[in-house]
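What follows is the residue order along each chain.
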Amino acid sequence: MGKERASLGFGDELDDFDPTTWPKTKMTPPSDRPRPDVTKKAAEAAGFRSREPTAPKAPTPVRRQRRRRTGRNVQLNIKTTPEAVEAFTRIADAHGWGLGETLERAIKLLEATPEKATG
């Protein structure tokens, strides 16, 4: 149980060491940090990618709430292009209609058209 530690190679040099003989120097306070712009440039040069959120490149349009009590309680989910959604909501907003009402009016107009649309 009395294993000896391995020698680190300093020998007896540390026995004669006296830290009080060191010259007194003024230590720099720990608040001497580099400026944030310097650290940012160093991080970018090293290829560091920040996890901080960045401002969106283009603000997304804010869509207003369209909640009304209309008696419509069935949901229809369809896939379409962003342009078609934008045009549909633009038409609804221009007339002051809800999205369900806009769809119902479009269906009535399409049913009233005698010719069949191609393509």
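Residues numbered from 1 in each chain as written. Predicted model: local features only at pLDDT ≥ 70, side-chain atom pairs only at ≥ 80, totals over all residues. Heavy atoms only, no water.

Before going further, it helps to examine the overall build of the protein chain. When helices and strands are counted, the protein chain shows three helices and zero strands. Looking at the protein chain as a whole, 5% of its 119 residues are labelled buried. Element-wise, carbon and sulfur atoms account for 56% of the exposed surface of the protein chain, whose accessible area totals about 12,800 Å². (Helix = DSSP H or I, 4+ residues; strand = E, 2+ residues; numbered from the N terminus. Buried < 20%, exposed > 50% of the residue type's maximum accessible area, 1.4 Å probe, protein only. Areas by Shrake-Rupley, 256 points an atom, 1.4 Å probe, with all protein chains shown as cover.)

All right, on to helix H1 (residues 36-45) then. Of all 10 residues that make up H1, zero are buried, and the element is exposed over most of its length. Directly after H1, the chain includes Gly-47, whose backbone phi takes a positive value near 85°.

The subject of this paragraph is a negative patch on the surface. Residues Asp-12, Glu-13, Asp-15 and Asp-16 make up a contiguous surface patch of negative charge. Structurally, the position occupied by Asp-12 is in the segment before H1. Asp-12 gets classed as exposed once you look at its relative accessible area, which sits at 59%. (Patch = residues over 30% accessible without salt bridge, like charges linked within 9 Å, V, L, I, M, F, W, Y side chains within 5 Å. Salt bridge = Lys/Arg side-chain N within 4 Å of Asp/Glu carboxyl O. Lys, Arg positive; Asp, Glu negative; His and termini not counted. Charge placed at Lys NZ, Arg CZ, Asp CG, Glu CD.)

Here the protein chain shows a mean pLDDT of 82. Residues at 70 or above account for 89%. Here H1 is the element of the protein chain with the lowest mean pLDDT, 88, and helix H2 (residues 82-95) is the one with the highest, 94. (pLDDT = per-residue confidence, 0-100.)

This model, assessed by the stated rule, comprises three salt bridges. Between Arg-35 and Asp-37 there is a salt bridge, with the nearest N and O atoms lying 3.3 Å from each other. When its relative accessible area of 37% is taken as the criterion, Asp-37 is described as partly exposed. A salt bridge links Glu-104 to Arg-72; the nearest nitrogen and oxygen atoms lie 2.8 Å apart. Of this pair, Glu-104 sits in helix H3 (residues 99-112) while Arg-72 sits in the loop between H1 and H2; the two residues are 32 residues apart in sequence, bridging distant segments of the chain.

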